[in-house]
Amino acid sequence: MNWKFSKERLFFLSISALIFSALFQDFISLPWLPARVELTEFILIPVLLFFPYEKLRNSVFDKRARWIFALIAFYLLINVVSSIVSGSGSSLIESIARIYLALLFFILIIFFDGFTAIELSNYLSRLFLYIGLLAALLSLSGYFLLAFGIENSMIIRLDEYPYLGTVYRLRGPTFTPTMLATILVPCIFFPLANYHQLPFRKTTRLLVFILIVLTAFLTFSKSFLIIAWGLFIWGLYKVGKLRRSIILLTVLPLLVVLFIATHFVFAKPGSDIYKKYLQTTFVSERSAFSAGEWQ
């Protein structure tokens, strides 16, 4: 990408920081800020400041794209008007949140419009690799601190976790372990798609990937099953063994396992472990246990 103005460079850096900040969902805690304020909202200020508004005047989108954006804007306007008329504060907040997300989407579209396909591939693969590495180091530091008896927010202790007993789930600087696992998904597969263009030597790259995958596994999230399946499919593709039939034959068992793991906990009725499960918050409805009982 050719840089003509320093403003373009600052816009590039602020957008990169904006994407990077998606990792730090539970990182800022100040007494004078609402509990759900995130780093992304602070970085949005310089993004808007350095936004290339001249691209809007130069009509970077074709007529069809402009119609789509106009329909989105009309939908958001209806949402806001409806929320104001209803007098519901929560509804108005949700409408504002939709506008915020649409604004982020529009800004990213403008930003990526300046990339060639190769530049975009290199940029995303490197960016997500660094995000994954930082997420892994921050999250795994929770175990290191715990080893010295220091309680920290990088991990969550769960007692009587189904089938595993007491576990320490990594959540890193996010709100939940599943959210951390979800963020790590593109951090694994974007770099894999452009593996030979990544920074670091081959051995270092491999160690970074192992670190990221290990972090995703230690979230004990069901999302890791999708990651494992994706790595399996990618491995077959790289060695030239991937077939459509393999995808079809493996995706169905994956969906079945995810469904069962999400909705059922198997325990013998009346047993000690069964009674302990009922005292946890892992399953909120008694019917889920009933459907999953075994005699």
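Residues numbered from 1 in each chain as written. Predicted model: local features only at pLDDT ≥ 70, side-chain atom pairs only at ≥ 80, totals over all residues. Heavy atoms only, no water.

(A) Inspection of the overall build of the protein chain at higher detail. Check the secondary structure of the protein chain and you find 12 helices and 2 strands. Seen in sequence order, the protein chain has helices and strands lined up from the N terminus as α-α-α-α-α-α-β-β-α-α-α-α-α-α. Counted over contacts in the protein chain with a minimum sequence separation of 6, partners at least 24 positions apart contribute 64%. (Helix = DSSP H or I, 4+ residues; strand = E, 2+ residues; numbered from the N terminus. Contact = heavy atoms within 4.5 Å.)

(B) Representation of the nonpolar core in the model. In this structure, I15, V47 and Y123 are the most contacted members of the largest nonpolar core, which totals 42 residues. When residues in this core are grouped by element, the largest group, 9 residues, is from helix α6 (residues 117–147). Not counting the four nearest positions on each side in its chain, I15 is found in contact with V47, I107, L108, F111 and Y123. (Core = buried A, V, L, I, M, F, W, Y, C linked by side-chain atoms within 4.5 Å. Buried < 20%, exposed > 50% of the residue type's maximum accessible area, 1.4 Å probe, protein only.)

(C) Highlighting the side chain of S14. Tracing the backbone through its elements, the reader meets S14 in helix α1 (residues 6–20). In this structure the side chain of S14 is engaged in a polar contact, spanning 2.9 Å, whose partner is the backbone oxygen of F11. Setting aside its immediate chain neighbours within four residues, S14 contacts I43, P46, V47 and F50. (Polar contact = N/O pair within 3.5 Å; in protein donor to acceptor, adjacent residues only side chain to side chain.)

(D) Spotlight on the confidence of the model for the protein chain. Overall, the predicted model of the protein chain reaches an average pLDDT of 78, with 78% of residues at or above 70. Every residue in residues 287–295 scores below 50 in pLDDT, and together they form 22 contacts with partners more than four places removed in sequence or on other chains. (pLDDT = per-residue confidence, 0-100.)

(E) Looking closely at the packing of aromatic side chains. Within this structure, the stated rule accounts for 16 aromatic pairs. Here F12 and F111 contribute two aromatic rings whose centre-to-centre distance is 5.9 Å and whose plane-to-plane angle is 40°, an arrangement assigned as tilted. With a gap of 99 residues between them, F12 in helix α1 and F111 in helix α5 (residues 89–112) connect regions that are remote in the sequence. When its relative accessible area of 16% is taken as the criterion, F12 is described as buried. Between F128 and F190 the ring centres are 4.8 Å apart and the planes differ by 25°, which places this aromatic pair in the stacked class. With F128 in helix α6 and F190 in helix α7 (residues 177–193), the pair connects residues that are 62 residues apart, well separated along the chain. Residue class for F128 comes out buried when judged on its relative accessible area of 15%. What makes F190 partly exposed here is its relative accessible area of 36%. Cluster of aromatic residues (ring-pair linked, three or more members): F11, F12, F51, F111, F112, F115 and Y123. Just above the ring of Y195 sits the side chain of R205; from NZ or CZ to the centre is 5.4 Å. (Phe/Tyr/Trp six-rings, centres within 6.5 Å; stacked < 30°, edge-to-face > 60°. Lys NZ or Arg CZ within 6 Å of the ring centre and 35° of its normal.)

(F) Structural context of the side chain of R205. Note on placement: R205 falls in helix α8 (residues 202–217). Buried and unpaired, R205 has no salt bridge, with E119 as the nearest side chain of opposite charge at 19 Å. Polar side-chain contacts of R205 include one of 3.1 Å to the backbone oxygen of F200. Contact partners of R205, with chain neighbours within four places excluded, come to Y195, H196, L198, P199 and F200. (Lys, Arg positive; Asp, Glu negative; His and termini not counted. Salt bridge = Lys/Arg side-chain N within 4 Å of Asp/Glu carboxyl O.)

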